[in-house]
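# Architecture and fold: a report
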Amino acid sequence: MYAFSYHSPKTVRQAATLLGKNPDAKVLAGGQTLLPTMKQRLASPSALVDLGKAEGMSGIEVKGRNVVIGAMTRHADVATSAIVGEAIPALAALAGGIGDPAVRNRGTIGGSIANNDPAADYPSAVLALGATIITNKRKIPADQFFQGMFSTALEEGEVIVKVSFPIPSKAAYEKFPNPASRYAMVGVFVAKKGSETRVAVTGAGSDGVFRSAECEAALKARFNPKSLDGVKVKASGLNSDIHASSEYRAHLIPVIAKRAVAKAMAK
Amino acid sequence: MASVTMIVNGKEVTANVDPRTLLAQFLREHLHLTGTHVGCDTSQCGACVVHVDGRSIKSCTTLAVACDGASVTTIEGIGTPDHLHPMQAAFRENHGLQCGFCTPGMIMSAIDIVNRKGHQLDEHTIREELEGNICRCTGYHNIVKAVAAGAQAMAGK
Ligand SMILES: Cc1cc2nc3c(=O)[nH]c(=O)nc-3n(C[C@H](O)[C@H](O)[C@H](O)COP(=O)(O)OP(=O)(O)OC[C@H]3O[C@@H](n4cnc5c(N)ncnc54)[C@H](O)[C@@H]3O)c2cc1C
Ligand code: FES
Ligand code: FES
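### Description of the overall build of chain B
Counting its secondary structure elements, chain B contains five helices and five strands. Shown N-terminal to C-terminal, the secondary structure of chain B runs as helices and strands in the order β-β-α-β-β-β-α-α-α-α. The C-alpha radius of gyration of chain B comes to 15 Å, within 12% of the 15 Å expected for a compact globule of 157 residues. On the principal axes, the C-alpha backbone points of chain B span a range of 45 × 30 × 25 Å. Expressed as a percentage of the 157 residues in chain B, the buried residues total 50%. A separation of at least 24 residues holds for 58% of the contacts in chain B among residues at least 6 apart in sequence. Here chain B displays about 7,200 Å² of accessible surface, and carbon together with sulfur accounts for 47% of that area. Both charge centroids of chain B, one from 12 positive and one from 15 negative side chains, sit 4 Å from each other.

### Some thoughts on the domain arrangement of chain A
Domain assignment breaks chain A into domain 1 (5-49), domain 2 (60-166) and domain 3 (170-266). Just the C-alpha atoms count here: the centres of domain 1 of chain A and domain 3 of chain A sit 34 Å apart.

### Topic: the domain arrangement of chain B
All names here are of chain B. Assigned domains within chain B: domain 1 (2-74) and domain 2 (86-155). One C-alpha centre belongs to domain 1, the other to domain 2, and the line joining them spans 22 Å. With 16 residues of domain 1 at the interface, the matching set in domain 2 holds 11 residues. Note on domain 1 versus domain 2: buried area summed over both sides is about 1,000 Å², and carbon and sulfur give 57% of it. When the buried area of domain 1 at its contact with domain 2 is split by residue, H37, V49 and H51 rank highest and sum to 39% of it. If you look at where domain 1 meets domain 2, you find zero salt bridges.

### Focus on the packing of aromatic side chains
Residues and elements named next belong to chain A. Going through the model one piece at a time under the given rule, you end up with two aromatic pairs over all chains. For the ring pair F145 and F146, a centre distance of 5.1 Å and an interplane angle of 90° mean the geometry is edge-to-face. Comparing F145 with F146, the two get one shared label, buried. We note R41 situated over the ring of Y2; from NZ or CZ to the ring centre the distance is 4.2 Å.

### Considerations on the nonpolar core
Ranked by size, the top nonpolar core spans 53 residues in total, and within it L91, I113, Y122, V126, F165 and F189 of chain A carry the most contacts. Counting residues in hydrophobic clusters, the runner-up holds 29 residues, among them V4, L33, V50 and V52 of chain B.

### Here we look at the sheet that holds strand 5 (residues 66-70) of chain A
All names here are of chain A. Strand order in the open sheet formed by five strands is 4-5-8-6-7, and the pairing between neighbours is antiparallel. Edge strands, defined here as strands with exactly one partner in the open sheet, are strand 4 (60-63) and strand 7 (139-141). Put simply, the sheet's adjacent strands are angled 25° from each other on average, direction ignored.

### Observations concerning the pairing of strand 3 (residues 49-52) of chain B
All names here are of chain B. Neither face of strand 3 is exposed, since V49 and H51 on one face and V50 and V52 on the opposite face are all buried. The pairing of strand 3 with strand 4 (residues 55-58) spans four bridges and is classified as antiparallel. Across the sheet, the residue bridging to H51 is S56, located in strand 4. In this structure, the hairpin formed by strand 3 and strand 4 is closed by a connection of two residues, where D53 is found at a positive phi of approximately 50°. Relative to strand 5 (residues 71-73), strand 3 is paired through two bridges, and the arrangement is antiparallel. Bridge assignment links V52 to a residue of strand 5, and that residue is V72.

### A word on the pairing of strand 4 of chain A
Residues and elements named next belong to chain A. Relative to strand 5, strand 4 is paired through four bridges, and the arrangement is antiparallel. Residue pairing across strands places E61 opposite V68, the latter belonging to strand 5. Taking the residues that link successive antiparallel strands as the turn, the strand 4-strand 5 hairpin has two residues, and the phi of G64 there is positive, at about 60°.

### Structural notes on helix 2 (residues 86-93) of chain B
All names here are of chain B. Within the span of helix 2, buried status applies to P86, M87, Q88, A90 and F91. Structurally, helix 2 contributes buried residues whose contacts are with helix 3 (103-117) and helix 5 (141-155). H95, located one to two residues past helix 2, shows a positive phi value of around 55°.

Conventions used here
Residues numbered from 1 in each chain as written. Chains lettered and ligands numbered in written order. Predicted model: local features only at pLDDT ≥ 70, side-chain atom pairs only at ≥ 80, totals over all residues. Heavy atoms only, no water. Helix = DSSP H or I, 4+ residues; strand = E, 2+ residues; numbered from the N terminus. Rg over C-alpha atoms; globule rule 2.2 N^0.38 Å. Buried < 20%, exposed > 50% of the residue type's maximum accessible area, 1.4 Å probe, protein only. Contact = heavy atoms within 4.5 Å. Areas by Shrake-Rupley, 256 points an atom, 1.4 Å probe, with all protein chains shown as cover. Lys, Arg positive; Asp, Glu negative; His and termini not counted. Charge placed at Lys NZ, Arg CZ, Asp CG, Glu CD. Domains from an automatic or database assignment. Buried area = accessible area lost by both parts, 1.4 Å probe. Salt bridge = Lys/Arg side-chain N within 4 Å of Asp/Glu carboxyl O. Phe/Tyr/Trp six-rings, centres within 6.5 Å; stacked < 30°, edge-to-face > 60°. Lys NZ or Arg CZ within 6 Å of the ring centre and 35° of its normal. Core = buried A, V, L, I, M, F, W, Y, C linked by side-chain atoms within 4.5 Å. Pairing = 2+ DSSP bridges. Axes fitted to C-alpha atoms, helices over the stretch in contact; angles between N-to-C directions.

Given below as structure tokens:
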């Protein structure tokens, strides 16, 4: 790891000021992605701005018809939250399936979303539930937030403060994990709210998380696993790597989506 | 350099460290608490697991300075050679180790599992919860038995 200066701001405003003063500074949240990347010298920020002590950045509350989660809320806290378990159990289950217990005790929702790893779990929930990302500057709808792998709408020095999830009528997440890394080879989050059904896919797209038009069209008329019978997803634009070909991933998407819909209906 | 103060195994320590010092490095090289092991250094193996404010974390993937003000418990803080922690005793009884390299992390993770899931742990739960701890020797079978027995023994502690 290359040397850096360390800052521990007490407020989001201080954090933003520090980021403004240090052009190649980075925010440190749980460090579960950033520190391994820095150890491998794939990142070498001159300064780290640790959000660990910044006030008002973690916690979970219901506001109107939304569950609002602070960016520094750890995966373990989302997984075991009574509020999330009641309002959006699919989201609690997703958080409880990330990595292992020690990773869940450090990793944060803000870090996961800001990082936008093409195989991360949270981005699929944010996109399928139509969440809003609240930063120190503005509110960004999920549909505009994710902009290709490891890339988001966040500008230099912009900090995610909260994520607001509309409460769906039915939702579920189903993940087909790589047997070694346990990251999603294909993960599908389905959410139904009123007459709208959204299906977000992670792990498969070479541009990161995306909505499956084929699955959404099939589920539009009827939200039922059977609606996905015979649905074909195109392999173009999907990842091919040592773990699976793009054709294999294309085949998995409706299969995993079907399991997710069945799970959502069972609740 | 940056100043850091934390409580380690009940004792307050203050030090000036290079900010890139990992918690694992701080424990091993500054405090000479070498029971915490570094197996992979890439966040996979769990040999470095310690408790920070009562929660298991990978000390190879946490900065020491980020633990300023926190309370840290390492394998040295849970028992002594004469008075083993019930989980340590269970690993010995059940032959839950061979080379012993993974054992400190296994035991710290195991205690965390009991804290979260209680004293009656079935095999499936233990195997799922030990996802982040890798052992190259035992084949896990006796580790799983040790965790189940240790969990029950902790109830009578
Ligand atoms: C062994 C292991 C297994 C894992 N398995 C999974 C898995 O199965 N599924 C999964 O989804 N993830 C997995 N992860 C990744 C984990 O979820 C990370 O915690 C997460 O991706 C990043 O969150 P963090 O809080 O650790 O962020 P950090 O590592 O601290 O930061 C990541 C990036 O986000 C930026 N950032 C952080 N917070 C903010 C903010 N509030 N505003 C703006 N930018 C910010 C940082 O500057 C950095 O660029 C795994 C990690 C490990 C080590
Ligand atoms: S040394 Fe920390 S996880 Fe392997
Ligand atoms: S006992 Fe040798 S690595 Fe586990």
